[in-house]
Amino acid sequence: MATVLVLWLAVYLSGTLAVDKGNFKTCDQSAFCKRQRALKPGESPYRALLETMELTKTRLTLQLTNDNNKVRLLLELYRLQGNMTRVKINELKPLKPRYEVPDVLIREPPTEPLSLLSQDENGVVLSLGVESQRVIVSARPFRLDIMEGREVLMSLNSRGLLAFEHLRMRKDTFSYKVTSTVASVWDNIKRVFSSQAESEGEKKDEADSANQAEKAKEEEEKDEDGMWEETFKSHSDGKPNGPSAISLDFSWPGVEHVYGIPEHADTLRLKTTDNGDPYRLYNLDVFQYELYNPMALYGAVPVMLAHSAQRTTGIFWLNAAETWVDISSNTAGKTVFGKMLDYVQGSSETPQTDVRWISESGIIDVFIMLGPTPKDIFSQYASLTGTQSFPPLAALAYHQCRWNYNDQEDVQTVDAGFDEHDIPYDFIWLDIEHTDGKRYFTWDQHKFATPKEMLQGLMDKKRKMVAIVDPHIKVDSNYKIHNEIRSRGFYVKNKDGGDYEGWCWPGSAGYPDFTRADMRDWWASQFAYDQYEGSMENLYTWNDMNEPSVFNGPEVTMHKDAVHGAWEHRDVHNIYGFYVQMATAEGLIQRSGGVERPFVLTRAFFAGSQRYGAVWTGDNAAEWDHLKISIPMCLSLGLVGISFCGADVGGFFKTPSTELLVRWYQTGAYQPFFRAHAHLDTPRREPWLFGPENTALIREAVRQRYTLLPYWYQQFYNTHHTGEPVMRPLWVEYPQDPATFALDDEFLIGRDLLVHPVTEEGARGVTAYLPGKDEVWFDVHTFQKHNGAQNLYIPVTMSSIPVFQRGGSIIPRKLRVRRSSTCMEHDPYTLHVALNLQRAAVGELYIDDGHTFNYDKKEFIYRRLSFANNILSSVNLAPDAQFSTRSWIERIVILGASKPSKVTLKTPDGQESQVEFDFDSSMSVLTLRKPGMNAGVDWTIALE
């Protein structure tokens, strides 16, 4: 086993090989996926037993039966508040309970009354209460259609792919033989006593029934490979519960574009999977992953959005087991010309996208989000799983990391290097080598002998540190953390009842069972300052390897037949990393007595992970395509609630060219999580190591990030309250513009900043699509105005970062960039007012202390900024909130302005004063200099 670890480490540490796809399963190598995918569309064997229907104020229940094996299922249907429908399907009488995912929903979703509109022997029609929305339940075969007026919004089981493998006893067990014998004897007794009283017709019915029963028994007895045990490479997966897979198909008429189901290194718009593997959702440690394929990566969010010019809808498939998603479309492969030809010829085929979800275990529990707008979808999903946590402001600044900074002196030298080269940063990071022999919650006694002294040095400069804490625990009787976990029985168990052990960075390691609330409570307690020796309030946490990664495990992860209490690992796999981050975030909150906001970065994630911190795209490579793919990867995460996303700037593996490194800084500066990171074996790449010219380019990119921190912070405040993504695809704001539907090389930050990074080697220009037929966009660097609804060619040099501000918006900035964001806390604001064609603009300004939960106690400033009729004003949006700031308005830049004769400032005390201004007639830019009012008070400025 030690040899396996050495070989694995050699590959990982070398960083020279691409992913070995042979280490990871295809659908054909995953028994349940292969079994389910073999089922082809056709008439479903399931029918609804309408006589079993029960309708209460909150739900409809109905039994389904499979005509092939007579196993009954229970369908539950709920109408939820906020224009959502929930469908649950489980066995009516399972041999034992099936896993239902806890802790992801922030509460039991509130329901609204369902009402029966009509019923006959073919089905029932229920009102969903919203306009003319209704659900049609068809009986034979079973099918669900959700309609609005005469339009079908979504259909379930319309292709007959509902499958539900019921729990059963294995035929070669003693229990099965006893049960079968008793059942057979009982059947014979019933047949003898009933036969004498039967008429000929009754005998025929009995014969038919017997034939059906025999057929069902034959179905039952068809054991296929992989049902009870499965082997992949050298690993065996025993399956004591047997086959337990579930599957259901959904159809979206009128839809050609679907998005979501991260994490995959693929385009924003999901592709059809007819000619390859389905998209896989199974959290795995895949280093130096391949691009543009459906392989599973580190996280799994089983949420898909469908969008057309008419409507946006979504599906949330709440299941934490391994899941595969097939996508097909009747327009796939058609060229634009082919679609035009259909139109000219009057082809009546409506575009349709069909999706099929397949999971290894658990139940079907699906939330159908009916929009109808993109922002309605974000609100609906947020009402189920919560919103992005509101990070400390400093976490939105720049992070400097590598595997590894060698010792305290190295940290001190790098920290001083940023000051020497006048590049701001807020966090420096320590990877696994800072620990005492990969024992987390400890420090290397020689290299990091006085961690508090190091942390205090950073604190004196208003900077912070992140240290890694992974969830694999070194098996070592001299290690306090291990001893406590073992003595409390908190480790995941193997199938034989002992503590599960696998190989990871420390060598032999145990894996805490984070699915247990008491384990998570204990873990959180270890972050207390008196437990985590050497920690201080400016030390934050990084959870890596929490898929969980097991170097000698199947697919580099935990065996599926490992045991978490009553459940197998196969049931909970995709939620393990979610729980690790949850417990860690709670620990950082508790250590401050609930006062300070945490910052926790995680590699593995699930639906709801947004509540606990940030994610990144894992072990990427220093290649241009990896830079490009960071955009759709983060856009996909934002669509499913996880806004705090970024990629390792420069690429983790390999060595970037200076051009690639500079372009990556320029891109990363406009993505939510902004961190440079590098592999142990790569040359050092601090920003000043590539010559003065490149240092200046990187400095400028980082400084642009710092000037926009007020806007970034405001966007995170908004997403924390609405669920709307911070970094968003253009179609979210322009949902009726088909030109935006597949764009993933540019994006919006909030509504008002459009970014088209340069991601091509040697680029001399880029073409950006500026949306909005009646809109204008201003280049933030030159202030040049451009009309919307056009493809704009932009010549670029190495210093270019194409960014545009939407006409009609007001964006706050801080132009006095200092060594860290905290040093800029009280600095003045500059407002950039970009006028639309109606010569108006609106914006917001949000201010709080930047690091505590006191905003929940109404301690903040939230103001509406507006320009109309030549009057610019600031109005309080939260009159019940109380907070004061020393920051003031230093400058106001109005783009698209006319030259006034005078500018007058009016303050709440009735005072009026004249404001100095400059006007650039060539660019129509009016600059108001030092108006001087406090950022937290009412004021108006009149242009005359």
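Here the residue numbers are simple positions, counted from 1 along each chain's written sequence. Per-residue local features of the predicted model are confined to residues with pLDDT of at least 70, and side-chain atom pairs are confined, for both listing and counting, to 80 or more; whole-chain, interface and lining totals are unaffected and use all residues. Processing note: side-chain calculations cover all non-hydrogen atoms of the structure and skip hydrogens and water entirely.

## Remarks on the pairing of strand β49 (residues 889-895)
To keep it simple, the criterion reads: Categorising residues by exposure relies on relative accessible area from a 1.4 Å probe, with only protein chains included: less than 20% of the type maximum marks a residue as buried, more than 50% marks it as exposed, and the intermediate range marks it as partly exposed. Helix and strand assignments follow DSSP, with helices taken as H or I runs no shorter than four residues and strands as E runs no shorter than two, numbered in order from the N terminus. In this description, strands pair whenever DSSP reports at least two bridges between them.
Of all the seven residues making up β49, six are buried; the element is thus mostly covered by neighbouring parts of the structure. Examined bridge by bridge, strand β45 (residues 829-834) and β49 share six bridges and lie parallel to one another. Across the sheet, Thr830 pairs through a bridge with Arg891, a residue of β49.

## Thoughts on the packing of helix α10 (residues 517-525) against helix α12 (residues 576-591)
To keep it simple, the criterion reads: Axes, fitted as lines to C-alpha atoms, cover a helix only where it is in contact. Angles between the N-to-C directions of the axes lie from 0 to 180 degrees. An angle counts as roughly parallel when it lies under 35 degrees, as roughly antiparallel when it exceeds 145, as roughly perpendicular when it falls between 65 and 115, and as oblique in every other case. Handedness of a helix crossing follows the sense of rotation of the near helix relative to the far helix, less than a right angle counterclockwise being left-handed and clockwise being right-handed. Whether two residues are in contact is decided by their heavy atoms, any of which lying within 4.5 Å being enough.
The geometry of α10 relative to α12 is characterised by a closest axis approach of 7 Å and an angle of 45 degrees between their N-to-C directions. With respect to their mutual orientation, α10 and α12 come out oblique. Crossing handedness for the pair α10 and α12: right-handed. Counting all contacts with α10, which are made through Arg520, Trp523, Ala524 and Ser525, the residues of α12 involved are Tyr579, Val580, Met582, Ala583, Thr584, Glu586, Gly587 and Gln590.

## Side note on the pattern of salt bridges
Defined as follows: Salt bridge, as applied in this entry: a Lys or Arg side-chain nitrogen positioned within 4 Å of an Asp or Glu carboxyl oxygen.
One pass over the full model with this rule turns up 63 salt bridges. Of the charged contacts, one joins Arg603 and Asp285 as a salt bridge, the two residues approaching to 3.3 Å between their closest N and O atoms. Taken as a pair, Arg603 in the loop between β31 (600-602) and β32 (614-616) and Asp285 in the loop between β16 (279-281) and β17 (303-307) lie far apart in primary sequence, 318 residues in all. Each member of the pair, Arg603 together with Asp285, is buried. Across the pair Arg703 and Asp422 runs a salt bridge, and its minimum N-O distance is 4.0 Å. Of this pair, Arg703 sits in helix α15 (residues 692-707) while Asp422 sits in the loop between α7 (408-420) and β23 (427-430), placing them 281 residues apart in sequence. The exposure class of Arg703 is partly exposed, given its relative accessible area of 23%.

## Examining unusual backbone geometry
Put simply, Gly371 and Pro372 share a cis peptide bond, and its omega is 15 degrees. Look at the link from Glu547 to Pro548: it is a cis peptide, with omega at 10 degrees. Summarising the element assignment, Pro548 is placed in the loop between β28 (539-543) and β29 (563-564). With a phi close to 55 degrees, Asp422 is a non-glycine residue in the positive phi region. With a phi close to 60 degrees, Ala789 is a non-glycine residue in the positive phi region. Tracing the sequence through the fold places Ala789 in the loop between β41 (785-787) and β42 (790-795).

## Focus: the state of the cysteines
A covalent bond between the sulfur atoms of two cysteines is what we call a disulfide. For clarity, the cut-off: For the purposes of this analysis, a disulfide is any pair of cysteine sulfur atoms at a distance within 2.5 Å.
Considering all chains together, one arrives at two disulfides under this definition. In this model Cys27 forms its disulfide with Cys33; the gap between the sulfur atoms is 2.0 Å. The chirality of the disulfide connecting Cys27 with Cys33 is left-handed, given an S-S dihedral of about -100 degrees. The residue that forms a disulfide with Cys634 is Cys645, at a sulfur-sulfur distance of 2.1 Å. Where Cys634 bonds to Cys645 through sulfur, the torsion about that S-S bond is close to -75 degrees, and the disulfide is left-handed. Of this pair, Cys634 sits in helix α13 (residues 624-639) while Cys645 is found in strand β33 (residues 645-646), placing the two residues eleven residues apart along the sequence. Neither residue differs from the other here; Cys634 and Cys645 are each classed as buried. Taking only the cysteines that form disulfides and numbering them from first to last, the chain has the pattern 1-2, 3-4. Cysteine Cys504 remains unbridged, with the sulfur of Cys401 as its closest cysteine sulfur at 17 Å. Residue class for Cys504 comes out buried when judged on its relative accessible area of 1%.

## Side note on the pairing of strand β21 (residues 364-369)
With six of six residues buried, β21 lies mostly within the body of the structure. Neither face of β21 is exposed, since Ile364, Val366 and Ile368 on one face and Asp365, Phe367 and Met369 on the opposite face are all buried. Two elements, strand β4 (residues 84-91) and β21, share six bridges in a ladder whose sense is antiparallel. Paired with Arg86 across the strands is Phe367, a residue of β21.

## Let's talk about empty space enclosed by the protein
Put simply, the rule reads: Cavities and pockets were defined on a 1 Å grid built over protein atoms only: a cavity is a set of grid points that admits a 1.4 Å probe from which the probe cannot escape, a pocket is an open set flanked by protein on both sides within 12 Å along at least five of seven lines, and lining residues are those with an atom within 4 Å of any such point. Grid points are joined across faces, edges and corners, and a volume is the space filled by probe spheres set on the points. Here the term charged refers only to Asp, Glu, Lys and Arg, the term nonpolar to Ala, Val, Leu, Ile, Met, Phe, Trp, Tyr, Cys and Pro, and the term polar to all other amino acids, Gly among them.
Under the definition given, this model contains eight cavities of 30 Å³ or more. Each pocket or cavity is described by its volume, and for the largest cavity that value is around 140 Å³. In this structure, the largest cavity is lined by 15 residues; those nearest its centre are Lys25, Phe232, Asp237, Pro554 and Lys560. Taken together, the elements giving at least two residues each to the lining of the largest cavity come down to β12 (229-232) and β13 (235-238). Of the residues contributing to the lining of the largest cavity, the split by class is four nonpolar, five polar and six charged.

## Here's the deal with α12
What counts, and what does not: Under the convention used throughout, the expected extent of a helix is 1.5 Å for every residue step, that is, one less than its residue count.
The end-to-end C-alpha separation of α12 is 23 Å, in line with the 22 Å expected for 16 residues at 1.5 Å each. Buried residues dominate α12, accounting for 14 of its 16 residues. In the stretch just after α12, Gly593 is the one whose phi turns positive, near 70 degrees.

## Description of the sheet that holds strand β47 (residues 861-868)
As summarised here, the arrangement of the eleven strands in space is β51-β50-β54-β48-β47-β46-β44-β45-β49-β53-β52, forming an open sheet in which the pairing is mixed. What marks the edges here is a single partner per strand, and that holds for β51 (912-914) and β52 (916-920). Pairwise comparison of adjacent strand axes, ignoring direction, gives a mean angle of 20 degrees for this sheet. Examined bridge by bridge, β49 and strand β53 (residues 925-929) share five bridges and lie antiparallel to one another. Among the inter-strand pairings, Ile892 is bridged to a residue of β53, identified as Leu928. Packed onto the sheet, helix α16 (residues 709-722) meets β44 (809-813), β45, β46 (841-847) and β47 and runs at close to 85 degrees relative to β46.

## Considering helix α8 (residues 451-460)
Selection rule: This arc is taken over the directions from the axis of the helix to the C-beta atoms.
Regarding α8, the residues found buried are Pro451, Met454, Leu455 and Leu458. Seen along its axis, α8 keeps its buried residues to an arc of 95 degrees; they face one direction. In α8, those exposed residues whose orientation departs by more than 90 degrees from the buried face are Glu453 and Asp460. In the core, the buried residues of α8 are packed alongside α7, β23, β24 (464-468) and β28. Remark: Lys462 follows α8 within two positions and exhibits a positive phi of approximately 60 degrees.

## Examining the packing of aromatic side chains
Rules: Two rings from Phe, Tyr or Trp (for Trp, the six-membered ring) form a pair when their centres sit within 6.5 Å of each other. Planes less than 30 degrees apart are called stacked, planes more than 60 degrees apart edge-to-face, and all others tilted.
Taken as a whole and judged by the stated rule, the model has 52 aromatic pairs. Seen in terms of ring centroids, Tyr398 and Tyr665 are 5.8 Å apart; in terms of plane orientation they differ by 50 degrees. Their pairing is tilted. Residue Tyr398 is located in strand β22 (residues 398-400), and its partner Tyr665 is located in helix α14 (residues 658-668); the two are separated by 267 residues in the primary sequence. Look at Tyr398 and you get buried, because its relative accessible area is 0%. Judged by relative accessible area, which is 1%, Tyr665 ranks as buried. Between Tyr398 and Phe674 the ring centres are 4.9 Å apart and the planes differ by 55 degrees, which places this aromatic pair in the tilted class.

## Some points on the sheet that holds β33
Ordered in space as β33-β32-β31-β28-β24-β23-β22-β35-β34, the nine strands form an open sheet in which the pairing is parallel. The strands lining the two open edges of the sheet, one partner per strand, are β33 and β34 (648-649). Of the pairings in the sheet, the one linking β34 to strand β35 (residues 674-676) comprises two bridges and is parallel in character. Among the inter-strand pairings, Asp648 is bridged to a residue of β35, identified as Arg675. Across the sheet, α8 lies against β23, β24 and β28, angled at about 140 degrees from β24, the strand it touches most.

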